[in-house]
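Listed below are the residues making up each chain.
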Amino acid sequence: MRLGTRLHALAEGIVIAVDAIRTNKVRAGLTILGIAVGVFVVTVMSAAVHGINAGVAKSIAAAGPTTFFVTRWPADIQSCNGSADSCPWRRNAALTVDQARAIAALPIIQTVNVHTGSSASLKYADRELPGVTLDAYTPGWIDVQGGDIIAGRDFTPSENEGSAPVVLLNEKAAERLFDGSDPIGKEVRVSGQRFQVIGVYRPIANAFDSGERGKIVVPFESAKRRLNVWTRWLDITVKPKPGVSRDVAMDETVATLRALRHRRPAQSNDFFVSTPEKIMELYNRIVGAFFLVMIVLSAIGLLVGGVGVVAIMMISVTERTREIGVRKALGATQGTILWQFLVEAITLTTVGAIVGLAVGGGLTALIRNFTPIEAVTPPAAIVAALLGSAIGGIVFGLAPAARAARLDPVAALRYE
């Protein structure tokens, strides 16, 4: 019987709340809007961050779980304004291709790939793409960078050693330069130098490298000798042989580099070795700061909505004072009145949450379909939004509901 009474009171509270929303559309609409904005921000942010995380993790994992990276700079957030004093690692000697070859010669190493980045102009006939991204790799880059060559072929070791003028274009560069025609075998100019197109590739798309911008890949030696690309900031990707522990491979790599770079036992490394987990940790720290800012902004929206709930419920209590008096005269207890107004407040905030989730879900679908971000709203975010809105309704509706429950029935009946 008590359960039936509670369910009846719950249904009655919802009906009264919906009626209040319908009667006071503007007032209720503003209250719902505040809640909806906060939930909307949390929903879209969670979906976007979830999608970006998935894309970044996929890109980092493309090289394989045992792969690690050797760089001249640290994979860490440090106070660095560009000067040698604040960035001591700028004094480190550059890594070299010869050092990469020494690592590759270790019996426990399967693949070593050298990379450096730059930008270049790309021209074919009367069409030109200024400022395309240029990546220079040694052979085998596709195995550690991921992606697919969808037309043509990759460059060979002999083409890299001979600094052959060959280039691979990403899909967007091929589309803009050749407008649907076959680019394989065509001659383009890369920063004024003639290069032959040998392939079209599709990189792993993520929020930071969508593939929508023109991008080219050339052999490392071709970039160095023909295009004068700066190579003092090259990075090295190392992949151990199957069955070899990454820690063992890292130790051997560090020992080899220290010997080649003439580091004494008391001296620290003048290079950095990073794992995919370390890079992901750094990324999560950066995204975590962004996430915190978004949480604060959404919390402000929810707070504004909560203040609106308090205001509208106080007005509702005042307008229905005589009704409360009548209900108490007919035997309604303080608990019944408190429950009714709490349900009304929870209904308001839940409606706001549903509106926010609906709009956020629509925007999430647009992000997923029209950007490289695989945005998906996590089920936990939906549950958290609904539970948070219900709890918010209780918190913000408690004071007005308590005020209604404490009204003296005689005074309430005399209220004009």
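Details of the structure are given in the entry above.
Fair warning: this is a prediction, and the values are worked out from it, not measured in the lab.

Draft legend 1. A look at the overall build of the protein chain. A tally of helices and strands in the protein chain yields 13 helices and 10 strands. Put simply, the protein chain has 416 residues, and 44% of those count as buried. Taking the intrachain contacts of the protein chain between residues at least 6 apart in sequence as the baseline, contacts between residues at least 24 apart amount to 78%. Just so you have it, the protein chain exposes about 20,900 Å², and 62% of that area is on carbon and sulfur atoms.

Draft legend 2. Region of the structure containing the packing of helix H10 (residues 321-329) against helix H11 (residues 334-370). Look at H10 against H11: their axes get within 10 Å of each other, and the N-to-C directions meet at 140 degrees. When the axes of H10 and H11 are compared, the pair comes out oblique. The chirality of how H10 crosses H11 is right-handed. For the pair formed by H10 and H11, the contact residues are Glu323, Ile324, Arg327 and Lys328 on the first element and Gln334, Thr336, Ile337, Gln340 and Phe341 on the second. Counted by class, the contact of H10 with H11 contains 3 nonpolar, 3 polar and 3 charged residues.

Draft legend 3. Structural context of the side chain of Thr43. In this structure, Thr43 sits in helix H2 (residues 25-61). Ignoring any residue separated from it by four or fewer positions in sequence, one finds Thr43 in contact with Leu357, Gly360, Gly361 and Thr377.

Draft legend 4. Helix H12 (residues 379-406), seen in detail. In this model H12 runs 40 Å from its N-terminal to its C-terminal C-alpha over 28 residues, within 8% of the 40 Å that 1.5 Å per residue would give. At Leu398, H12 shows its maximal kink, close to 50 degrees; a proline, Pro400, follows between one and four residues later. Of the positions making up H12, those classed as buried are Ala381, Ala385, Ser389, Gly392, Gly393, Gly397, Pro400, Ala401, Ala402, Ala404 and Ala405.

Draft legend 5. Fine view of the packing of aromatic side chains. As enumerated under the stated definition, the model contains 4 aromatic pairs in all. With a centroid separation of 5.2 Å and an interplanar angle of 10 degrees, the aromatic rings of Tyr137 and Trp141 are classed as stacked. Taken individually, Tyr137 and Trp141 each receive the classification buried, so the pair is uniform in this respect. Summarising the aromatic geometry, the rings of Trp141 and Tyr201 are spaced 5.5 Å apart at their centres and angled 85 degrees between planes, so their arrangement reads as edge-to-face. One end of the pair, Trp141, is in helix H4 (residues 141-145); the other, Tyr201, is in strand E7 (residues 193-202), and 60 residues separate them in sequence. Across the pair, exposure class does not vary: Trp141 and Tyr201 are buried alike. An aromatic cluster is built from Tyr137, Trp141 and Tyr201, whose rings are joined through pairwise contacts.

The rules we used
- Residues numbered from 1 in each chain as written.
- Predicted model: local features only at pLDDT ≥ 70, side-chain atom pairs only at ≥ 80, totals over all residues.
- Heavy atoms only, no water.
- Helix = DSSP H or I, 4+ residues; strand = E, 2+ residues; numbered from the N terminus.
- Buried < 20%, exposed > 50% of the residue type's maximum accessible area, 1.4 Å probe, protein only.
- Contact = heavy atoms within 4.5 Å.
- Areas by Shrake-Rupley, 256 points an atom, 1.4 Å probe, with all protein chains shown as cover.
- Axes fitted to C-alpha atoms, helices over the stretch in contact; angles between N-to-C directions.
- Parallel < 35°, antiparallel > 145°, perpendicular 65-115°, else oblique.
- Left-handed = near helix turned anticlockwise from the far one by under 90°.
- Nonpolar A, V, L, I, M, F, W, Y, C, P; charged D, E, K, R; others polar.
- Expected span 1.5 Å × (residues − 1).
- Bend = angle between axes of the 7 residues up to and from the residue.
- Phe/Tyr/Trp six-rings, centres within 6.5 Å; stacked < 30°, edge-to-face > 60°.

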